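Structural overview for review
Residues per chain are reported as follows:
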Amino acid sequence: MSRKQEVITKDMAADWLGSLVSINCGPTLGVYQGEVSSVDQSSQTISLRQPFHNGVKCPVPEVTFSAIDIKELKILDIRNGNARTNSSASTKVSSAPVAVPKCDPRSVEKLNSPQHCSKSYGDRHLDVPGQPKGFRRRHNSWSSSSRGANQATPKKNGVKNGQMKHRDDECFGDGVDDGLDTDFDFEGNLALFDKAAVFSEIDISERRNGARSRGTPQEQTPSRYRHDENILEAKPIVYRQITVPQPGAKEYCTDSGLVVPSISYELHKRLLSVAERYGLSLERRLEMTGVCASQMALTLLGGPNRFTPKNLHQCPTVALLCGPHVQGAQGISCGRHLANHEVEVILFLPNFVKMLDSVTSELTLFNKTGGKQVSSIKDLPDTPVDLIINCLDCHENTFLMDQPWYRAAAEWANQNRAPVLSLDPPVSGQGQAVEAKWSLSLCLPLSLAEGAGRVYLCDIGIPRQVFQEVGIKYHSPFGCKFVIPLHSA
């Protein structure tokens, strides 16, 4: 080679100094990017300054490659203006297919236009198709560290501070700060979305496919459901599920809205007579009534908060005022169950020469519980008790209200200042000497007076066909309970 040819070759190699190139060394060595620092024609080597290996900055300041190891060389940016314009942007050393490295497949992307050649490695990978150019993610690219000497930020005194500043530039520098100056126009982009048109298209497609239309936001009526409500569509709810042939003067409703009509005492007596004919005897009704009334009384006394092993020294006291009739036998049955639950029961029952067999049998069972029985008002407590259960009234014999023992017991109950639970009270019109806070009716309520307080209803186990036999269309309003509250409709 002549001296002139050697000078021309060196000038051509010097033209590419400072250019940014990407060198693919195959799947084993990977891809390197960096600034060309030297080109040696004699030894067939090329050196890169500030190199990046597979997108990660190399720990060494310069890397030298031999022509044997280079599979493909790409020129990313021509920094020297004296470079020849007719030079190729990509010089392939081997015609074999290039395998894409697993660590960074983006590094071997081919560039076929001069526009791509003028972009840096970081800018090319920030150009995501379909993404606005003004909205770009900040990421660590080698272009942030390849600034010129006059653009570099001066380092602080001290090796440690300089190293930290260099690391900050690598981590937070992105070279695309110009694109972040413009704020993203949220309102303008949101205005491009037509909600009404989109929901209209959804409705048309659903109607075409036979699906149920959801409706536009204006047509939708927001609903709030309780935890026990079903959001699925069901049959319309029928709230009047009980109809009677001769409705009483009042109507009640449950917590769920079911209508419970009142009945007359004659229909009530006929219903119990038919039930007894099918096997629901008086003794079974007394037992069922006693259980339901005692459950309600235990709840009124405090329930699980009162009846605990730690409160055995504070047992509640209940006074039972009973008469010599079926209602009195129901009260004695209730007192027996209360006494079995560690309640101090005081039973008031006047002395009679002859009493009903149901009263006698219930009284015999009550005496086995250890409860206290008194026949005189003087033996009742002078201090207020926790609860008074009134069973003095009778549905048929209204002359009992004129008896001295009845008036004395009613006077004691009104002066004791304890809450009163009336068990199976009579219909309105007969009068009540004791004003109750709660009243418990059986199967279906009667038309009670205003002095009956809050009305509750208990289930004594009468079958549905028995109701039908007396002309009552009946559907149980109790649900999962045996005692439910009733409200005036």
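Predicted, not measured: the structure shown is a model, and the values here were computed from it.

With that settled, consider the confidence of the model for the chain. For the chain, per-residue confidence averages 78 on the pLDDT scale, and residues scoring 70 or more make up 73% of the total. A low-confidence stretch, residues 81-156 (pLDDT under 50), is modelled with 105 contacts involving residues beyond four sequence positions or located in other chains.

By secondary structure assignment, the location of Pro245 is in the loop between helix H7 (195-209) and strand E8 (247-253). Overall, Pro245 belongs to the partly exposed group, its relative accessible area being 46%. Note: C-alpha distance between Pro245 and Ile263 (18 residues apart in sequence) is 9.0 Å. Not counting residues up to four positions away in its chain, the partners in contact with Pro245 are Leu267, Val470, Gly471 and Ile472.

Moving on to empty space enclosed by the protein. Under the criterion given, the structure shown has three cavities of 30 Å³ or more. In this structure, the largest cavity occupies an estimated 60 Å³ of space. In terms of lining residues, the largest cavity is bounded by 11 residues, among which Asp393, Cys394, Asn397, Thr398 and Met401 are the most central.

For the rest of this paragraph, the subject is the packing of aromatic side chains. If you walk through the whole model with that rule in mind, you get five aromatic pairs. Ring geometry for Tyr32 versus Phe65: centroids 4.9 Å apart, planes at 65 degrees, classification edge-to-face. Here Tyr32, found in strand E2 (residues 31-40), pairs with Phe65, found in strand E5 (residues 62-66); they are 33 residues apart in sequence, far enough to count as distant. Exposure class is identical for Tyr32 and Phe65. Each is buried. Look at Phe467 and Tyr474: their rings are 3.9 Å apart centre to centre, the planes differ by 5 degrees, and that puts the pair in the stacked class. You can call Phe467 buried: its relative accessible area is 2%. A relative accessible area of 11% places Tyr474 in the buried class. Through a chain of ring-to-ring contacts, the aromatic side chains of Phe352, Trp405 and Tyr406 assemble into a single cluster.

Between helix H10 (residues 326-340) and helix H11 (residues 357-367), the least distance of the axes is 9 Å, while the angle of their chain directions is 15 degrees. Overall, the two elements H10 and H11 adopt an arrangement that is roughly parallel. Regarding H10 and H11, the two cross each other, and that crossing is left-handed. Facing H10, whose interface residues are Ala329, Ile332, Ser333, Gly335 and Arg336, H11 presents Ser358, Val359, Glu362, Leu363, Leu365 and Phe366.

Side chains of Tyr225, Ile231 and Leu232 sit close together on the surface and give an oily, nonpolar patch of about 370 Å² of accessible area. Mapped onto the fold, Tyr225 is located in the loop between H7 and E8.

Another aspect to go through is the pairing of E8. Two elements, E8 and strand E9 (residues 259-263), share four bridges in a ladder whose sense is antiparallel. Residue Cys253 lies in a different strand from E9, and its bridge partner there is Val259. The antiparallel pairing of E8 with E9 creates a hairpin that spans five residues between the two strands, and Gly257 there sits at a positive phi of about 95 degrees.

This next bit is on the pattern of salt bridges. Enumeration according to the criterion identifies nine salt bridges in this entry. Linking Arg240 and Glu251 is a salt bridge whose minimum nitrogen-to-oxygen distance equals 2.8 Å. Placement of the pair is Arg240 in the loop between H7 and E8 and Glu251 in strand E8, with a sequence separation of 11 residues. A residue is classified by how much of its surface remains accessible, and Arg240, at 42% relative accessible area, is partly exposed. One salt bridge in this structure joins Glu396 and Lys269, with 3.9 Å as the shortest N-O distance. In this pair, Glu396 is assigned in the loop between strand E13 (387-391) and helix H12 (404-415) and Lys269 in helix H8 (residues 265-277), connecting sequence segments 127 residues apart.

Compared with the 16 Å implied by 1.5 Å per residue over 12 residues, the 17 Å span of H12 between its first and last C-alpha is a close match. Three or more residues of H12 are buried, namely Trp405, Tyr406, Ala409, Ala410, Trp412 and Ala413. With its buried residues spanning 160 degrees around the axis, H12 presents them on a single face. When the buried face of H12 is taken as reference, the exposed residues oriented beyond 90 degrees from it are Pro404 and Gln415. Buried residues along H12 sit in contact with strand E10 (317-322), strand E11 (344-348) and E13. Arg417 sits one or two residues past H12 and shows a positive phi near 65 degrees.

At a closest axis distance of 7 Å, the pairing of helix H9 (residues 282-300) and H10 adopts a crossing angle of 55 degrees. In terms of orientation, H9 lies oblique with respect to H10. The hand of the H9/H10 crossing is right-handed. In this structure, H9 uses Leu282, Leu286, Glu287, Thr289, Gly290, Val291, Ala293, Ser294, Ala297 and Leu298 to contact H10, whose residues at the interface are Val326, Ala329, Gln330, Ser333, Cys334, Arg336, His337 and Leu338. Per-class residue counts for the contact of H9 with H10 are 10 nonpolar, six polar and two charged.

Moving on: the state of the cysteines. Taken as a whole and judged by the stated rule, the model has zero disulfides. Summary of cysteine pairing: Cys334 is not part of a disulfide, and the nearest cysteine sulfur, belonging to Cys391, is at 7.1 Å.

Right, let's get into the sheet that holds strand E12 (residues 372-374). In space, the 10 strands of this open sheet follow the order E9-E8-E17-E16-E15-E14-E13-E10-E11-E12, with mixed pairing throughout. Strands at the two margins of the open sheet, each flanked by one partner only, are E9 and E12. Neighbour-to-neighbour, the strand axes of the sheet open up by a mean angle of 30 degrees, direction not taken into account. Bridging between strand E16 (residues 454-458) and strand E17 (residues 483-488) involves four bridges; their strand directions are antiparallel. Of the residues in E17, the one forming a bridge with Tyr456 is Pro485. The strands touched by H10 within the sheet are E10, E11, E13, strand E14 (420-423) and strand E15 (438-442), with E10 carrying the most contacts at an inclination of about 160 degrees.

The next thing to look at is the environment of Val31. On the secondary structure map, Val31 appears in strand E2. As a C-alpha pair, Val31 and Ile70 span 39 residues in sequence and 9.6 Å in three-dimensional space.

The rules behind these values
Residues numbered from 1 in each chain as written. Predicted model: local features only at pLDDT ≥ 70, side-chain atom pairs only at ≥ 80, totals over all residues. Heavy atoms only, no water. pLDDT = per-residue confidence, 0-100. Contact = heavy atoms within 4.5 Å. Helix = DSSP H or I, 4+ residues; strand = E, 2+ residues; numbered from the N terminus. Buried < 20%, exposed > 50% of the residue type's maximum accessible area, 1.4 Å probe, protein only. 1 Å grid on protein atoms, 1.4 Å probe; cavity = no way out; pocket = protein on both sides within 12 Å on 5 of 7 lines; lining within 4 Å. Points joined across faces, edges and corners; volume = space filled by probe spheres on them. Phe/Tyr/Trp six-rings, centres within 6.5 Å; stacked < 30°, edge-to-face > 60°. Axes fitted to C-alpha atoms, helices over the stretch in contact; angles between N-to-C directions. Parallel < 35°, antiparallel > 145°, perpendicular 65-115°, else oblique. Left-handed = near helix turned anticlockwise from the far one by under 90°. Patch = residues over 30% accessible without salt bridge, like charges linked within 9 Å, V, L, I, M, F, W, Y side chains within 5 Å. Areas by Shrake-Rupley, 256 points an atom, 1.4 Å probe, with all protein chains shown as cover. Salt bridge = Lys/Arg side-chain N within 4 Å of Asp/Glu carboxyl O. Pairing = 2+ DSSP bridges. Expected span 1.5 Å × (residues − 1). Arc of directions from axis to C-beta. Nonpolar A, V, L, I, M, F, W, Y, C, P; charged D, E, K, R; others polar. Disulfide = S-S within 2.5 Å.

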